[in-house]
Amino acid sequence: MSASDHPAKPAEILAQLQIDMVGVRALLLDMDGVLVLKNAPIPGAAEALAALDARDIPYAIGTNTSLVSRTTLARELGRAGLPVEADRIVSAVSVAAAYVRRRFAQAPLYVLAAPDALTEFHGLTLLSHDEAAEREARVAAVVVGDAAEEFTPRNMQSAFALLRNGARFVAMHKNRWWLTPAGVMLDAGAYVVGLEYVTQRRALVTGKPSRAFFAEGVTQLDRLASGGRETHSISAAEVAMVGDDLWNDVRGAQKAGLRGVFVRSGKHGEAELARVSSERGGRAPDAIAPSLVEVVAAMER
Ligand SMILES: [Mg+2]
């Protein structure tokens, strides 16, 4: 039986999952559609996290959320009944911050992001919008996130000029639009792609499905498994990304050398499964489960 078949009985599902999960030592968990759905916890998710804690299985949350810091996200998850520490979260913001911290240390940077997300860049030298607009301004990197109201013509001009002067171009994601209580909203993708167009350069994207994201996820899991140090004790092949998005989570993880596990508790279903397996260069998920509950149960032996 292949992973794409859909066995009917819970015992069969579990037996197949146990086979498909052999060799997995750590989990990277998507947030929306895996732990929460429309801000409410998915049934069994809290117990699944508690089981991972009890069994000392390293896990981290890997999310493209880029509007807020990990500290704020951890607080929001806690309020939803999912106690998760901030250092267990890898986000499009934290990967961007880790990247510029590692590469550019104290060099000045221009970061277009929401105020709460900016706290991830603490200790780094960030130019204000006024400083960035000065003719002689120079930075090591321009980082574009969810800047919302701050995507002004003046700030976009600053980003453009700084990029033209040789700054590295980093983007948290290229999402086109998102759904808010007020309706559909233009997302950062329009600004990132606009800057790519005018500079004729490609941004390094730090959110899923980029390699940079999954590499940082594996590094974070390694740190969690070895008390804060980087020991390279966990390899990408030993990490399973559990997600409800067949492209951003599952295919992205597979391309970065991780296992891609699809859960049916979120936005994608049969139609997307058929598409991802049949498209060019496509591949079925390495494992399929109804939800995180069964994934964790399959690891319990
Ligand atoms: Mg999701």
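This text gives an overview of the structure that appears in the document.

### Focus on unusual backbone geometry
Along the chain, Lys-208 connects to Pro-209 via a cis peptide bond; the corresponding omega equals 5°. Note on placement: Pro-209 falls in the loop between β11 (204-205) and α9 (211-225). For Asp-56, which is not glycine, the phi dihedral falls at a positive 60°. Topologically, Asp-56 is positioned in the loop between α2 (45-54) and β4 (59-63).

### Section: the packing of aromatic side chains
Scanning the model with the defined rule gives three aromatic pairs in all. Judged by centre distance (6.4 Å) and plane angle (80°), the ring pair of Tyr-99 and Phe-104 falls under edge-to-face. Among the residues examined, Tyr-99 registers a relative accessible area of 15% and is labelled buried. Classification of Phe-104 by relative accessible area gives buried; the value is 16%. Seen in terms of ring centroids, Phe-151 and Tyr-191 are 3.8 Å apart; in terms of plane orientation they differ by 10°. Their pairing is stacked. Highlighted residues: Phe-151 in the loop between β7 (141-144) and α7 (153-164) and Tyr-191 in helix α8 (residues 189-199), separated in sequence by 40 residues. The ring of Tyr-59 is capped by Arg-88, whose NZ or CZ atom sits 4.0 Å from the centre of that ring.

Calculation rules
Residues numbered from 1 in each chain as written. Predicted model: local features only at pLDDT ≥ 70, side-chain atom pairs only at ≥ 80, totals over all residues. Heavy atoms only, no water. Helix = DSSP H or I, 4+ residues; strand = E, 2+ residues; numbered from the N terminus. Phe/Tyr/Trp six-rings, centres within 6.5 Å; stacked < 30°, edge-to-face > 60°. Buried < 20%, exposed > 50% of the residue type's maximum accessible area, 1.4 Å probe, protein only. Lys NZ or Arg CZ within 6 Å of the ring centre and 35° of its normal.

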